[in-house]
Amino acid sequence: PSLILAHRLDACASGVLVLARTRAAQSLFTRLQAGHSAQGGVLKEYRAIVETPIPGHLLGREVTHYMAPESRGPALLRMQNVADGSWKKCVLKILGCTPTQVHPSHLTESRMAARGTGSALHEVRIQLVTGRRHQIRAQLSALGAPIWMD
């Protein structure tokens, strides 16, 4: 039997790929993802590696920023803390932030050289409330904790 893609991953992301055997199963999973199903919903958690820890008072809380409408790529992302006309509301929840280490086998030589020694890394666990393009990288950067090596 043929399989139908029920959920995609972004190009640079890793995670579970969901395939369905029928259109009905694909439709159910789409409703579950959107939270529009009597069966409940799907909880997605994202993780990012940052050099600067997230401040403790933000852990477990939703954080809101507004993204400039002309934001097209990572280098052009602009965020602010107050609504302003056509700026897009971005909300994420910081689930946790713990010290971590990146295994050297996951790094290229240039990244190892760029990282240097003595800098601590932190794994941030995140849930998106809104889903905007580049939202996680933009909001973490606005919080002073940009994604490591981004």
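Report on the accompanying structure. Note that the coordinates shown come from a computational prediction; the quantities given were computed from them, not determined experimentally.

So, how was this worked out
- Throughout this document, residue positions are counted from 1 along each chain, in the order its sequence is written.
- A pLDDT threshold of at least 70 governs which residues receive local features in this predicted model, and a stricter bar of 80 or more applies before side-chain atom pairs are shown or counted, although totals over entire chains, interfaces and linings include all residues.
- Heavy atoms throughout the structure, all of them, feed into the side-chain values; hydrogens and water do not.
- Here a salt bridge means any side-chain nitrogen of Lys or Arg lying within 4 Å of a carboxyl oxygen belonging to Asp or Glu.
- Only runs of H or I of at least four residues qualify as helices and only runs of E of at least two qualify as strands under DSSP, and these elements are numbered from the N terminus.
- Only protein chains enter the accessibility calculation, which uses a 1.4 Å probe; a residue whose area is less than 20% of its type maximum is buried, one above 50% is exposed, and one in between is partly exposed.
- The span you would expect from a helix comes to 1.5 Å times its residue count less one.
- The arc in question is the one spanned by the directions pointing from the helix axis to the C-beta atoms.
- Pairs of residues are marked as contacts when any of their non-hydrogen atoms sit within 4.5 Å.
- The term nonpolar core refers to a set of buried residues drawn from Ala, Val, Leu, Ile, Met, Phe, Trp, Tyr and Cys, joined through side-chain atoms within 4.5 Å.

## Notes on the pattern of salt bridges
Between side chains of opposite charge, a pair can form as their charged atoms come close. Counted according to the given criterion, the structure contains three salt bridges. One salt bridge in this structure joins Glu45 and Arg125, with 3.0 Å as the shortest N-O distance. Placement of Glu45 in the loop between α1 (23-34) and β3 (46-50) and of Arg125 in strand β7 (residues 121-128) is noted, with a sequence separation of 80 residues between them. We classify Arg125 as partly exposed; its relative accessible area is 28%. Here the salt bridges do not stand alone but share partners, grouping Glu45, Arg47, Glu123 and Arg125 into one network.

## Regarding α1
For α1, with twelve residues, the first-to-last C-alpha span of 17 Å sits near the 16 Å given by 1.5 Å per residue. Within the span of α1, buried status applies to Gln26, Phe29 and Leu32. Buried residues of α1, viewed axially, fall in a sector of 120°; they line one side. For α1, exposure combined with an orientation more than 90 degrees from the buried face picks out Arg23 and Ala24. Here the buried face of α1 lies against β1 (4-7) and β2 (18-20).

## Side note on the environment of Arg23
Mapped onto the fold, Arg23 is located in helix α1. Arg23 sits in the exposed class, given a relative accessible area of 58%. Along the chain, Arg23 and Leu5 lie 18 residues apart, while their C-alpha atoms are 9.8 Å from each other.

## With respect to the nonpolar core
Counting 13 residues, the largest nonpolar core has Ile54, Ile94, Val124, Ile126 and Leu140 as its most contacted members. Going through the elements one at a time, β3, β6 (88-100), β7 and α3 (135-142) are the ones with two or more residues in this core. In terms of residue count, the dominant contributor to this core is β6 (three residues). Filtering out sequence-adjacent residues up to four positions away, Ile94 remains in contact with Ile54, Leu58, Leu59, Gly60, Arg61, Val63, Val124, Arg125, Leu140 and Leu143.

## Thoughts on the environment of Thr30
Tracing the backbone shows Thr30 in helix α1. Residue classification places Thr30 among the partly exposed positions, given a relative accessible area of 42%. A sequence separation of eleven residues divides Thr30 from Gly41, and the C-alpha atoms of the two residues are 9.5 Å apart.

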